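# Structural overview for review
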Amino acid sequence: MTIINEEAISGRVREEITKIKDLFAVDTFSLKRITDHFVHQLEDGLTRHDAEIPMNITWVPSFPTGRETGRYLAIDMGGTNLRICSVELTSERGGYSITQDKYILPARLKRGTGDELWELVADKLLDFLRKHDLLPPAKGEEEEGKLPLAFTFSYPVTQNHIRHGVLQRWTKGFDIRGVEGEDVVAQLDAVLQRRHIPVRIVALVNDTVGTLIASAYKNPDIRVGSIFGTGCNAAYMERCSRIPKIASSGSQAQFDEDSLIAINCEYGAFDNNRRVLPRTTFDEDIDASSARPGQQTYEKMVAAMYLGELLRLILLHLHESIGLFPDADVSRLREGGTMDAVSLSKMETDGSEAVRMEEAKRILQDAYGIDATDEELRMCCILAEVVCARAARLYACGIAALCRKQGVEECAVDVDGSAFEKYSQFRKRAIAALAEILDWPENEERVKLVSAEDGSGVGAALIAAIILNQ
Ligand code: BGC
């Protein structure tokens, strides 16, 4: 990435940039300290039901063998989109074909009611089945003729078996009434049954677990499935003997001590007790104005959903403190949620300094009607770097903690999520931070960050296959 020429920025403004850089810096000592605490909290989550990091037991009992076959439907409800897929797992090892459609979840729905949500999901599923000619011939209400469907629901749920999940709390800015504390499978299933849509939900899946399983289908070195997108989280396989709370999990399932089970860490909730993360006043503002203050502390510092908001708040602060954009009307800049994460990645593109400044100029003009000077544009680009670099470094702490927890020094971690693909600098920064935390010898990359295609759909289909063939 081209370095922005800080010399071209006047002394006073540079001083302010240095202050913000200091606030957002996470040095090696802090990275290690955060990771140590993280490992401890992961352990605690496996022990207690009310721990800070939930470490949800998902009842996904094994990695795929690579020989799974069959056709499965998958619905993936993430933070931004609803994706519906039909996945055919073919007999060739690791092979599949996928048909998928994506719908944007309307913003108003995020603060609507559960009924509206499930009706919308049912509408889109029916559209998909009709469009791709997948509706089976009517066979009454018999389970047999119904299409098996895995439901990827990327929010924390308590499960006592795989076709069940009580929503612990909404995350990613959602605040849909009537769903928290309820079983989301039962809610969706009731609507599907009432509307005679011929599908049966065979598994409820978190996106991290889908990613873990989909990547392990092709790459046996995968030890962690992680998401860096609207939200941030990870999953891994744990041995039942290392999950003390499993005995009191309310499950009827039989498992032996040596068997594996996928854990959805839900580590976006890390440090909700505010012990180690270096929170700034900007982070506090984001938390205070969020739908669930006090929750998802780590996620709010790392996930793409909050990065644009951080930059917006910093720019507003600089407008008020040192008169950045002195003659501009900043009323739009005062509106929450108006800077998206993609804008930051554009200000960080691999192009020349001039290209980066041009991107910043267009974003400020289009989104805020602000005509910025070259100095202000340089400043915006540098601040975008500062925010994104901290996110990547903190993201590395979660991954390092999971590697340490599993006692692995070398492995592959799958990273899925819109943001991972878009941020050209993210992988490099996260790897550099992992090297610092885990003391890798120079030029050795012991943990590989890889990204799986179609992770959510294929992972969900594989889990359906594993469950149905148990
Ligand atoms: C959710 C997780 C999810 C993550 C990434 C978080 O907000 O709580 O369940 O895995 O976002 O989508």
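Residues numbered from 1 in each chain as written. Predicted model: local features only at pLDDT ≥ 70, side-chain atom pairs only at ≥ 80, totals over all residues. Heavy atoms only, no water.

As recorded in an unreviewed UniProt entry, the chain goes by Phosphotransferase and comes from Aspergillus keveii. Regarding the chain, the UniProt comment filed under Sequence similarities (unreviewed entry) reads as follows: "Belongs to the hexokinase family." (UniProt positions renumbered as here; feature names shortened; annotations may be inferred.)

### A few points about the side chain of Arg169
Considering the arrangement of structural elements, one finds Arg169 in the loop between strand 7 (166-167) and helix 4 (184-194). Buried and unpaired, Arg169 has Glu266 as its nearest opposite-charge partner, separated by 5.6 Å. There is a polar contact of 3.5 Å between the side chain of Arg169 and the side chain of Gln295. With residues up to four places along the chain from it excluded, the contact list for Arg169 reads Pro54, Tyr155, Pro156, Glu180, Gln295 and Gln296. (Helix = DSSP H or I, 4+ residues; strand = E, 2+ residues; numbered from the N terminus. Buried < 20%, exposed > 50% of the residue type's maximum accessible area, 1.4 Å probe, protein only. Lys, Arg positive; Asp, Glu negative; His and termini not counted. Salt bridge = Lys/Arg side-chain N within 4 Å of Asp/Glu carboxyl O. Polar contact = N/O pair within 3.5 Å; in protein donor to acceptor, adjacent residues only side chain to side chain. Contact = heavy atoms within 4.5 Å.)

### Re helix 8 (residues 304-322)
Counted at 1.5 Å a residue, the expected span for helix 8 with its 19 residues is 27 Å, and the 27 Å between its end C-alpha atoms agrees. Most of helix 8 sits out of view: 15 of its 19 residues are buried. Gly323 sits one or two positions beyond helix 8 and adopts a positive phi of about 70°. (Expected span 1.5 Å × (residues − 1).)

### A look at the packing of helix 1 (residues 11-24) against helix 8
Where helix 1 meets helix 8, the closest approach of the two axes is 12 Å, and the angle between their N-to-C directions is 140°. Taken as axis vectors, helix 1 and helix 8 run oblique relative to one another. When you trace helix 1 past helix 8, the crossing you get is right-handed. In this structure, helix 1 uses Arg12, Val13, Glu16, Ile20 and Phe24 to contact helix 8, whose residues at the interface are Leu310, Ile314, His317, Leu318, Ser321 and Ile322. For the contact of helix 1 with helix 8, the per-class residue count stands at seven nonpolar, two polar and two charged. (Axes fitted to C-alpha atoms, helices over the stretch in contact; angles between N-to-C directions. Parallel < 35°, antiparallel > 145°, perpendicular 65-115°, else oblique. Left-handed = near helix turned anticlockwise from the far one by under 90°. Nonpolar A, V, L, I, M, F, W, Y, C, P; charged D, E, K, R; others polar.)

### Quick word on the site of the ligand
Surveying the vicinity of the ligand reveals 15 residues, the closest of which are Thr171, Lys172, Asn206, Asp207 and Glu266. Contact distances for the ligand include 3.3 Å between an oxygen atom and a backbone N or O atom of Ser154. Here the ligand has 310 Å² of accessible area as a free molecule, and 98% of this is covered by the chains. Those elements giving two or more residues to the shell around the ligand turn out to be helix 5 (207-218) and strand 10 (232-239). A class-by-class count of the residues in the shell around the ligand yields four nonpolar, seven polar and four charged. (Near = heavy atom within 4 Å. Areas by Shrake-Rupley, 256 points an atom, 1.4 Å probe, with all protein chains shown as cover.)

### Things to note about the pattern of salt bridges
Oppositely charged side chains may form a pair once their charged atoms are brought near each other. Under the counting rule described, the total for this entry stands at 29 salt bridges. When the shortest N-O distance is used, the salt bridge between Glu6 and Lys21 registers 2.6 Å. Here Glu6, found in the segment before helix 1, pairs with Lys21, found in helix 1; they are 15 residues apart in sequence, far enough to count as distant. By relative accessible area, Glu6 is classed as partly exposed at 24%. The partner of Arg292 in a salt bridge is Glu180, with the nearest N and O atoms 2.9 Å apart. One end of the pair, Arg292, is in the loop between helix 6 (281-288) and helix 7 (297-302); the other, Glu180, is in the loop between strand 7 and helix 4, with 112 residues separating them in the sequence. You can call Glu180 partly exposed: its relative accessible area is 31%.

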